[in-house]
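Chain residues, written in single-letter form:
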Amino acid sequence: MIDSIVLRQATTDDVPAIMDIETPVFAGEAWSFEAMARDVGDTNCFYLVAEAHTDALGGEPTVVGYAGLLAPRGSGDGDIQTIAVLPEFRSSGLGRRLMTALLDEAEARNATRVFLEVRADNPHAISLYASLGFEEIAVRPGYYQPEGVDAVIMKKGADL
Ligand SMILES: CC(C)(COP(=O)(O)OP(=O)(O)OC[C@H]1O[C@@H](n2cnc3c(N)ncnc32)[C@H](O)[C@@H]1OP(=O)(O)O)[C@@H](O)C(=O)NCCC(=O)NCCS
């Protein structure tokens, strides 16, 4: 039984656990281990992991989700790089917690605009982003290949 889910900043030691989620969830669009390790270790980025703790059994915490922000200090902009939650942990508020924590970090880095890109056929994610104040600003037709699915660019912030 899960007692709590705790968010903490990821380190490169978390990359194998992140990739265990990334690879099946994003399949053909999954990042490589090397690309993920580069981003997680980049000080311009901020990655979180969500860990499920089973204190009663004294078990090791398990990574059940992660999310990443790119927001170089001084740039004024941030980008949501990625977010994923294990299927069995979805629809219980974890995605929202991860996104809210990334937006707090973007604010702490003085980013006044935050951008993200999402597949047009991902209504669950789009509704999460819209509920957090993101608005669609552009569409890249057929961006995701080979299926030819559009990419929706969304922005939250300053000059909406
Ligand atoms: C997108 C994702 C991270 C959301 O995580 P989650 O933990 O399920 O999100 P939450 O439970 O916090 O739900 C947030 C919002 O999503 C929407 N949502 C949740 N469950 C939903 C469902 N079953 N169907 C449709 N929308 C749903 C609602 O708007 C919800 O808002 P609410 O909190 O007011 O109910 C998760 O679905 C996921 O990992 N998907 C696969 C990877 C992916 O697509 N990443 C995004 C790439 S851009």
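Visitor: Describe the site of the ligand, naming the residues involved and giving the relevant values.
Guide: The ligand sits among 20 residues. The nearest are Val-85, Ser-91, Gly-93, Asn-122 and Ser-127. Between the ligand and Gly-95, the relevant distance is 2.8 Å, taken from an oxygen atom to a main-chain nitrogen or oxygen of the residue. Its free accessible area being 940 Å², the ligand has 70% of it covered by the protein chains. Counting residues per element, the ones that place at least two in the shell around the ligand are helix H1 (15-26), strand E4 (77-85), helix H3 (94-108), strand E5 (113-119) and helix H4 (123-131).

Visitor: Can you explain the domain arrangement of the protein chain? Please cite residues and give values.
Guide: Assigned domains within the protein chain: domain 1 (1-94) and domain 2 (112-160). Each of domain 1 and domain 2 has a C-alpha centre, and the two are 20 Å apart. Counting from both sides, the interface comprises eight residues of domain 1 and, opposite them, 11 residues of domain 2. In total, domain 1 and domain 2 occlude about 760 Å² of area from one another, counting both sides; carbon and sulfur atoms represent 45% of this. Seen at the junction of domain 1 and domain 2, the total is two salt bridges. Salt-bridge contacts for Arg-113 lead to Asp-77; the nearest nitrogen and oxygen are separated by 2.8 Å. Seen at the junction of domain 1 and domain 2, the total is seven residue pairs in polar contact (both at pLDDT 80 or more). Looking at side-chain class alone, the side of domain 1 that touches domain 2 contains two nonpolar, three polar and three charged residues.

Visitor: Before we move on, can you summarise H1 with the specific residues and values?
Guide: Taking 1.5 Å per residue as the helical rise, H1 with its 12 residues ought to reach 16 Å, and the 15 Å between its terminal C-alpha atoms agrees with that figure. Looking at H1, one finds that the buried residues are Val-15, Ile-18, Met-19, Ile-21 and Glu-22. With its buried residues spanning 170° around the axis, H1 presents them on a single face. Exposed positions of H1 whose direction lies more than 90 degrees from the buried face are Asp-20 and Pro-24.

Visitor: So what about unusual backbone geometry? Which residues, and what values?
Guide: In this structure, the amide linkage connecting Gln-145 to the following residue, Pro-146, adopts the cis form with an omega of 10°. Turning to its location among the elements, Pro-146 is positioned in the loop between strand E6 (135-144) and strand E7 (149-157). Here Ala-27, not a glycine, exhibits a phi torsion of approximately 45°, which is positive. Structurally, the position occupied by Ala-27 is in the loop between H1 and helix H2 (33-40).

Visitor: Break down the pattern of salt bridges for me, with residues and values.
Guide: Here the structure, examined in full by the defined rule, presents eight salt bridges. Arg-109 is the partner of Glu-105 in a salt bridge, and the nearest nitrogen-oxygen pair spans 2.9 Å. The burial state of Glu-105 is the same as that of Arg-109; both residues are buried. One salt-bridge network, in which partners are shared between bridges, spans Glu-29, Arg-119, Asp-121 and Glu-147.

Visitor: Please give an account of the sheet that holds E4 that cites residues and values.
Guide: One open sheet accounts for seven strands, arranged E1-E2-E3-E4-E5-E7-E6; its pairing is mixed. Only two strands of the sheet have a single neighbouring strand rather than two, namely strand E1 (4-9) and E6. Taking each pair of neighbouring strands and ignoring which way they run, the sheet shows an average axis angle of 25°. Alignment of E4 against E5, held across three bridges, turns out to be parallel. Across the sheet, the residue bridging to Asp-79 is Phe-115, located in E5.

Visitor: Any details on the nonpolar core? Residues and values, ideally.
Guide: In this structure, Met-36, Ile-80, Leu-98, Met-99, Leu-116, Tyr-129 and Phe-134 are the most contacted members of the largest nonpolar core, which totals 43 residues. The element that contributes the greatest number of residues to this core is strand E2 (residues 45-53), accounting for seven residues. Summarising the domain contributions, this core has at least three residues from each of domain 1 (1-94) and domain 2 (112-160). In this view, Tyr-129 contacts Ile-83, Met-99, Leu-116, Val-118, Phe-134 and Met-154; residues no more than four positions away in its chain are not counted.

Conventions used here
Residues numbered from 1 in each chain as written. Predicted model: local features only at pLDDT ≥ 70, side-chain atom pairs only at ≥ 80, totals over all residues. Heavy atoms only, no water. Near = heavy atom within 4 Å. Polar contact = N/O pair within 3.5 Å; in protein donor to acceptor, adjacent residues only side chain to side chain. Areas by Shrake-Rupley, 256 points an atom, 1.4 Å probe, with all protein chains shown as cover. Helix = DSSP H or I, 4+ residues; strand = E, 2+ residues; numbered from the N terminus. Domains from an automatic or database assignment. Contact = heavy atoms within 4.5 Å. Buried area = accessible area lost by both parts, 1.4 Å probe. Salt bridge = Lys/Arg side-chain N within 4 Å of Asp/Glu carboxyl O. Nonpolar A, V, L, I, M, F, W, Y, C, P; charged D, E, K, R; others polar. Expected span 1.5 Å × (residues − 1). Buried < 20%, exposed > 50% of the residue type's maximum accessible area, 1.4 Å probe, protein only. Arc of directions from axis to C-beta. Pairing = 2+ DSSP bridges. Axes fitted to C-alpha atoms, helices over the stretch in contact; angles between N-to-C directions. Core = buried A, V, L, I, M, F, W, Y, C linked by side-chain atoms within 4.5 Å.

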